[in-house]
Each structure stands twice: as C-alpha cells, then as structure tokens.
Amino acid sequence: VSMYGTTCRVNVQDASIGQDYDYPSDEEEVQDAGVVFGEAAVVVVAPDGVHMTYPDRGWEWNSEDLQVAAAVQARVTEDGVAALGSDCTVTNIAGSVRDVTALGEGMDCSGAGFTATPAGDAFVATGTDVISVNGDGVSSFGVAADLAVWDASADVLYVATAGDSLLLGLEADGGVRF
C-alpha cells in the first residue's frame, strides 16, 4: 500500500501491516507487482527513479533503486522491469543488462499509457499513436490511443482513448485481432 510518506506491506487477509519501505520521496506510487526470477516483486515509481521491492526478503536487501531518469510508469517483466520516462525513453532492465530506447526527440510521455509483456516488449500509447519497443527496435502501429494494457493470458494488447467507447485488441506486432 502506498501512503503519504511511506509504503507498507499489508496482509489483505487480516489487515495487518508488515514491513515499512521508506523511499527518498513522499511522492512514490506502487505501479505493478509480479514475479521476477521466481521472486515476488513490487514496482514503485518515485521522482528519483524506480524501486524494485522484494517483500519476502526481509528487512535487509529488500529493495533495489534503479536509476531511470524521469520515470513516470513501470511494469514488472519476467526478468526485471520496463519503465517509461516522461521524455519518451523506454528503459528495459533485465538483471544487470539495461537497454534504453528513445521514441523521438521533443516528445512528452508524462501522460501516456504504458504496458509491457512478460518478455519485456513495451507499448506506449501517446494519444496520437501506439508505439512498440522490442528487440527488433521501435515501430508505430498507426492507431490513436492513450490507454494500453497487455493481457498475458490472451496475448493481446488492449488500446483505447479515454472517454471513447471503442476498445481495440491488437497483436504484439500491431495487427488488429478485434
């Protein structure tokens, strides 16, 4: 649970509060949770960067501070984290490997939709386009949307525009599924 000034682990079965994670900022936001290298992980985004917190590790070595400039969103992947910067850079961190990809000069992604597949392929919905970032590079899907969510159970990317009733289901390569 992210609260003003701290982030705490909460047992949802009995509402007991466990460990307290104090990050350098009072503006952190829990953005995702999942399993990284077989270990439960929570992704927290703050003005100073991205924090990967491992609740099951105990008090020592339970958080990694990942230097991601101007991070606004982050998602857990199978082997790390994918993060979006307000400057429209996508950072994939897998263990000790870090890949940073710029989507374009002068872009602002502070309000963009962002999601990632378990394998680390990232999708950015800028409002005017949906952009894919993967091992093959950067590609435009030519679809206007500002919301994006990857559904790992169906292997589909859902995209939409806030306030609009149209929802598209896209393949990872941008092809329209429905």
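The paragraphs below set out a description of the structure included in this document. (Residues numbered from 1 in each chain as written. Predicted model: local features only at pLDDT ≥ 70, side-chain atom pairs only at ≥ 80, totals over all residues. Heavy atoms only, no water.)

**Focus on the overall build of the protein**
Counting secondary structure elements, the protein contains 0 helices and 18 strands. Here the protein holds 178 residues, and the buried ones make up 42% of them. The long-range fraction of contacts in the protein, counting pairs at least 24 apart against all pairs at least 6 apart in sequence, stands at 32%. (Helix = DSSP H or I, 4+ residues; strand = E, 2+ residues; numbered from the N terminus. Buried < 20%, exposed > 50% of the residue type's maximum accessible area, 1.4 Å probe, protein only. Contact = heavy atoms within 4.5 Å.)

**A closer look at the state of the cysteines**
Summed over all chains, the structure comprises 1 disulfide. Covalent S-S linkage joins Cys-88 and Cys-109, the inter-sulfur distance amounting to 1.9 Å. Taking the sign of the S-S torsion, 100° for the link of Cys-88 and Cys-109, the bridge is right-handed. You can see Cys-88 sitting in the loop between strand S9 (80-85) and strand S10 (89-94) and its partner Cys-109 sitting in the loop between strand S11 (97-102) and strand S12 (113-116), a full 21 residues away along the chain. When sorted by exposure, Cys-88 lands in the same class as Cys-109, which is buried. (Disulfide = S-S within 2.5 Å.)

**A few points about the sheet that holds strand S5 (residues 39-46)**
Overall, antiparallel pairing links the 4 strands, which are arranged S4-S5-S6-S7 in an open sheet. Bordering the open sheet on either side are strand S4 (29-36) and strand S7 (63-66), each of which pairs with just one other strand. The average undirected angle you get between the axes of adjacent strands in this sheet is 20°. Judged from the 7 bridges that link them, S4 and S5 form a sheet pairing that is antiparallel. The residue of S5 that forms the bridge with Val-36 is Glu-39. (Pairing = 2+ DSSP bridges. Axes fitted to C-alpha atoms, helices over the stretch in contact; angles between N-to-C directions.)

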